[in-house]
Amino acid sequence: LSILVKSSLCCSMARTQKNKATSNHLGLLKARLAKMRRELITPKGGSGGGTGEGFDVAKTGDARIGFVGFPSVGKSTLLSNLAGVYSEVAAYEFTTLTTVPGVIRYKGAKIQLLDLPGIIEGAKDGKGRGRQVIAVARTCNLILIVLDVLKPLGHKKLIEHELEGFGIRLNKQPPNIGFKKKDKGGINFTVTCPQSELDGDAVKSILAEYKIHNADITLRSDSTADDLIDVVEGNRVYIPCIYVLNKIDQISIEELDIIYKVPHCVPISAHSRWNFDDLLEKMWDYLHLVRIYTKPKGQLPDYTSPVVLPTEHTAVEDFCLKIHKSLLKELKYALVWGASVKHNPQKVGKDHVMEDEDVIQLVKK
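Residues numbered from 1 in each chain as written. Predicted model: local features only at pLDDT ≥ 70, side-chain atom pairs only at ≥ 80, totals over all residues. Heavy atoms only, no water.

Named according to an unreviewed UniProt entry, the protein chain is Developmentally regulated GTP binding protein 1 originating from Oncorhynchus tshawytscha.

Given below as structure tokens:
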């Protein structure tokens, strides 16, 4: 029934002309559609069904990368050639039926690769194993959408549509919208820049659909109804994405030159192992990781196994917590060598923010 209601909402949105007068109505329909999608993808309570064999893979290493794509585009071949892991490969569709994990070491970081089963159209509505596949994709630090170079655009749009329906936003930043619920006082609506789509009435009608009648809303950028719905829903994940165009051994050099100009794209041949260096370098750039080398007292720094941290958490405190939480209580100060300090070495406290390839020595109390 919910899928029928959802399709009628989509038809209603398609029939509605887009102009200033109908923007409130369209915003309301989008909010209803977002609520229906959430109900479809959120598992009902109770112990029925389970999670599906092979989908809950323990997160290991410093980052997790998910390979998403339609069946038979070469995901399994790519994983086995990158990580040396055997994921069943065959020339027919749907060979991979569960999540296959593999691990690679790159620039000292341990990166987990997940070969997710082939996505089919309608995955976000629960068709095939799509729901579990996309649920695992939500936990990744980077998504690689593997496309067949001979039919890339159609597949790209369909996969993006499926992932968007699951609240995954690819290569986007969270909307710059302030949203705070209150107990009373009505809707307090503030804009700090001109708006092309949203006004007070549109915001109120979208919030009313969520039964929110008291809230502070601040629009700090030119926002759309979809942006506001994303903020209100609060379950969106913003993940960087690389489009991997496989099977380039089947196209001409001229076509390859055109592909290289497409943003977020890396052309490869998984079977012939072409252009893997370029792919690994791009994966590293998109993961935003920082390597910190350790230096025991009176010894040379250990450059073989760095402690790898995400760019937004590179303070000395984060470094200590990554190794062991008891380390922070024992810390007196740290000595740091590298780009983040003016003198080498420099005595720093737990709030000092480090940069890539800094060297640290911890001094205990």
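Now, onward.
## A short note on the packing of aromatic side chains
What the rule picks out here adds up to two aromatic pairs. Measuring from ring centre to ring centre gives 6.2 Å for tyrosine 106 and tryptophan 284, while their planes differ by 70 degrees; the resulting arrangement is edge-to-face. One end of the pair, tyrosine 106, is in strand β2 (residues 100–106); the other, tryptophan 284, is in helix α9 (residues 276–287), with 178 residues separating them in the sequence. According to the relative accessible area criterion, tyrosine 106 is buried, its value standing at 18%. Ring geometry for tyrosine 293 versus tyrosine 303: centroids 4.9 Å apart, planes at 70 degrees, classification edge-to-face. With tyrosine 293 in strand β12 (residues 289–294) and tyrosine 303 in strand β13 (residues 302–310), this pair connects stretches of sequence that are 10 residues apart. With relative accessibility at 7%, the residue tyrosine 293 sits in the buried group. Classification of tyrosine 303 by relative accessible area gives exposed; the value is 53%. Geometry around tyrosine 243 places lysine 156 over its ring, the cationic atom sitting 4.8 Å from the centre. One cation-aromatic arrangement involves lysine 347 over tyrosine 333; the distance from NZ or CZ to the ring centre is 4.4 Å. (Phe/Tyr/Trp six-rings, centres within 6.5 Å; stacked < 30°, edge-to-face > 60°. Helix = DSSP H or I, 4+ residues; strand = E, 2+ residues; numbered from the N terminus. Buried < 20%, exposed > 50% of the residue type's maximum accessible area, 1.4 Å probe, protein only. Lys NZ or Arg CZ within 6 Å of the ring centre and 35° of its normal.)

## Concerning unusual backbone geometry
Note that the residue after asparagine 344, namely proline 345, is joined by a cis bond; omega there is -5 degrees. Mapped onto the elements of the fold, proline 345 is located in the loop between β14 (331–337) and β15 (346–348). For histidine 264, which is not glycine, the phi torsion reads 60 degrees and is therefore positive. Following the sequence through the fold, histidine 264 ends up in the loop between α8 (253–260) and β11 (265–267). According to the relative accessible area criterion, histidine 264 is partly exposed, its value standing at 29%.

## A look at the side chain of aspartate 148
Tracing the backbone shows aspartate 148 in strand β4 (residues 142–148). By relative accessible area, which is 7% here, aspartate 148 ends up buried. A polar contact is formed between the side chain of aspartate 148 and the side chain of lysine 247, at a distance of 3.4 Å. (Polar contact = N/O pair within 3.5 Å; in protein donor to acceptor, adjacent residues only side chain to side chain.)

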